[in-house]
Each structure stands twice: as structure tokens, then as C-alpha cells.
Amino acid sequence: SQQGEEDPQALSIQEGENATMNCSYKTSINNLQWYRQNSGRGLVHLILIRSNEREKHSGRLRVTLDTSKKSSSLLITASRAADTASYFCATDAESNFGNEKLTFGTGTRLTIIP
Amino acid sequence: DVKVTQSSRYLVKRTGEKVFLECVQDMDHENMFWYRQDPGLGLRLIYFSYDVKMKEKGDIPEGYSVSREKKERFSLILESASTNQTSMYLCASSLPGQSLGQPQHFGDGTRLSIL
């Protein structure tokens, strides 16, 4: 099965700086999603980008997608302490019943230093 | 807002026990999923269900089974728990159409320890 991989595995930055995380995947996709996970909690959906889109914005989040390189990046601008979390990319994948499941990457652990 | 509720946040069981993890969602979602999350391995799909009584194996189904008798409830069963099943288990639900970008909604997880 395809596996997304985030890079870096861990990132520490000062509050107010920008944070960039990257995701690579292996096969063709219809869309790519980013999720956040606070410590000890479930994942929360952040943003979706479709395969025919190259860039998308939502508040302080900016996502890019390069299907030729099979990669995506998530940029968080003007980071805050509350952004401390793990971030995962997820891609749709084929199943026996159409594309009804997602494959998640291994995550980037982001720490914002006050 | 969608709420996905997992019955236990922490659970400790013994090797060889039959273990039930329960998940309930309140948004009438067709799809439900069970993942396990281990450090360095991310989320791995165990099983998912796209309708009542329907199920499909994920990437790591060995040692697990599932039950979906009602649309809102999806149970994960460890038939005979082993220490290598110690993990964080996450349940999620979604509307149909992952290829259309439907997001998954997660519960807060059950941290299961098998002694």
C-alpha cells in the first residue's frame, strides 16, 4: 500500500516563525489532506487539496501540491504555542469499494517554543 | 459537529483475553475505520466498514476482527490479546467519497496495554 512520509520527523521553532512540513507519496491520488493531532487526542482535519490544485490557503495555513513530484507541503505562518502538535498528510487510496480509505503518513512532530 | 466517541481512554488487559473496543458516531456516517498508532509508524488501518454488516480488511487485520451491527457503532475485537497489540487505537468515521475528499472524523483514542 502507498505510504506517505512526512519530512522532517520533528521540528522545533520559535513562536512567530513559519513552519514548513513536507509529505511525499508513492501513487496517483485524487486528493491529499492534512490533519493535526494534539498530544493524547484524535486527529483533526485541517485542509484538503485536490490533485488538480497547486496551492490552497486557509487562515494561517498554506498547502501546495506537486503531483509530478508526488509531494505536498504544509506551511504554518506566524506560529503560536497552540500549534504544537503532530501533523499528518493523508492520501486517498483504492479499495475493493472504490476509493473509500485514506493512507496516512508517519507525521511531523512540531514544537513551538514560546 | 461530528462526535466520535470511544468507550475507554485507557484499558489494561491480560495476554490471551478477548478485548472489545467500542466506537460510536452521531452523524449517520456510512464509513467507519479502526486504526492503530505506534511511534514512528504513523496510523495503520486495521479494518473499515462502508455499511452495516459490511467490512473490509485494512493493512494489518491479523489478530483482529470487527463488528458493525448498527450504523452508528463499530467494534474492534482482539480475539486473543498479545503484548504486540499494545498500542493507541483510533476510530474514525466519514461520509462516502474519500476520492472526493471527504474528511475523516476521529475519536480521542483508546490507549490499550496488554500485560
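Computed from a prediction, not measured in an experiment: that's the story for all the values here.

### Details of the overall build of chain B
Scanning chain B for helices and strands turns up zero helices and 11 strands. Start at the N end of chain B and walk to the C end: the helices and strands fall as β-β-β-β-β-β-β-β-β-β-β. Computed over the C-alpha atoms, the radius of gyration of chain B is 13 Å, within 12% of the 13 Å expected from 2.2 N^0.38 for a compact globule of 115 residues. In terms of principal-axis extent, the alpha carbons of chain B reach across some 40 × 30 × 25 Å. For chain B, the residues scored as buried account for 50% of the 115 residues in total. Across chain B, every contact between residues at least 6 apart in sequence was considered, and the portion connecting residues at least 24 apart equals 56%. As displayed, chain B offers around 5300 Å² of accessible surface, 50% of which is attributable to carbon and sulfur atoms. Between the mean site of the 15 positive side-chain charges and the mean site of the 15 negative ones, chain B shows a separation of 6 Å.

### Section: the confidence of the model for chain B
Across chain B, the average pLDDT comes to 94, with 98% of residues at or above 70. The secondary-structure element of chain B with the lowest mean pLDDT is strand 6 (residues 54-57) of chain B, recorded at 92, while strand 8 (residues 73-78) of chain B shows the highest, at 98.

### Brief notes about the sheet that holds strand 1 (residues 5-7) of chain A
Residue and element names in this part refer to chain A. Strand order in the open sheet formed by five strands is 1-3-8-7-6, and the pairing between neighbours is antiparallel. Only two strands of the sheet have a single neighbouring strand rather than two, namely strand 1 and strand 6 (55-58). Taking each pair of neighbouring strands and ignoring which way they run, the sheet shows an average axis angle of 20°. Across three bridges, the pairing between strand 1 and strand 3 (residues 19-24) is antiparallel. For Asp7, the partnering residue across the bridge sits in strand 3 and is Asn22.

### Observations concerning unusual backbone geometry
Going from Asp7(A) to Pro8(A), the amide bond is cis rather than trans, its omega being 0°. Mapped onto the secondary structure, Pro8(A) falls in the loop between strand 1 and strand 2 (10-14). Phi is positive for Lys53(B), close to 65°, though the residue is something other than glycine. With respect to the helices, strands and loops of the structure, Lys53(B) is situated in the loop between strand 5 (42-51) and strand 6.

### Quick notes on the side chain of Asp38(B)
Residues and elements named next belong to chain B. Tracing the sequence through the fold places Asp38 in strand 4 (residues 31-38). Note on Asp38: relative accessible area 11%, which makes it buried. Within the structure, the side chain of Asp38 is placed 2.8 Å from the side chain of Arg44, a separation counted as a polar contact.

### What about the packing of aromatic side chains?
Residue and element names in this part refer to chain B. Counted by the stated rule, this structure contains nine aromatic pairs over all chains. Centre to centre, the rings of Tyr35 and Phe106 are 5.7 Å apart; their planes meet at 35°, and the pair counts as tilted. Taken together, the residues span a long stretch of sequence, with Tyr35 in strand 4 and Phe106 in strand 10 (residues 105-106) at a distance of 71 residues. Between Phe48 and Tyr50, the ring centres sit 6.5 Å apart and the planes meet at 55°, which makes this aromatic pair tilted. Tyr50 matches Phe48 in its accessibility class, with the two residues each being buried.

### Thoughts on the sheet that holds strand 7 (residues 64-70) of chain B
Residue and element names in this part refer to chain B. With antiparallel pairing, four strands are arranged side by side in an open sheet as 1-3-8-7. Two strands close off the open sheet at either side, each with one partner strand: strand 1 (4-6) and strand 7. Each strand axis lies, on average, 20° off the axis of its neighbour in the sheet, ignoring direction. Of the pairings in the sheet, the one linking strand 3 (residues 19-25) to strand 8 comprises six bridges and is antiparallel in character. Each residue of the ladder has a partner; that of Val19, found in strand 8, is Leu78.

Each value, and the rule that gives it
Residues numbered from 1 in each chain as written. Chains lettered and ligands numbered in written order. Predicted model: local features only at pLDDT ≥ 70, side-chain atom pairs only at ≥ 80, totals over all residues. Heavy atoms only, no water. Helix = DSSP H or I, 4+ residues; strand = E, 2+ residues; numbered from the N terminus. Rg over C-alpha atoms; globule rule 2.2 N^0.38 Å. Buried < 20%, exposed > 50% of the residue type's maximum accessible area, 1.4 Å probe, protein only. Contact = heavy atoms within 4.5 Å. Areas by Shrake-Rupley, 256 points an atom, 1.4 Å probe, with all protein chains shown as cover. Lys, Arg positive; Asp, Glu negative; His and termini not counted. Charge placed at Lys NZ, Arg CZ, Asp CG, Glu CD. pLDDT = per-residue confidence, 0-100. Pairing = 2+ DSSP bridges. Axes fitted to C-alpha atoms, helices over the stretch in contact; angles between N-to-C directions. Polar contact = N/O pair within 3.5 Å; in protein donor to acceptor, adjacent residues only side chain to side chain. Phe/Tyr/Trp six-rings, centres within 6.5 Å; stacked < 30°, edge-to-face > 60°.

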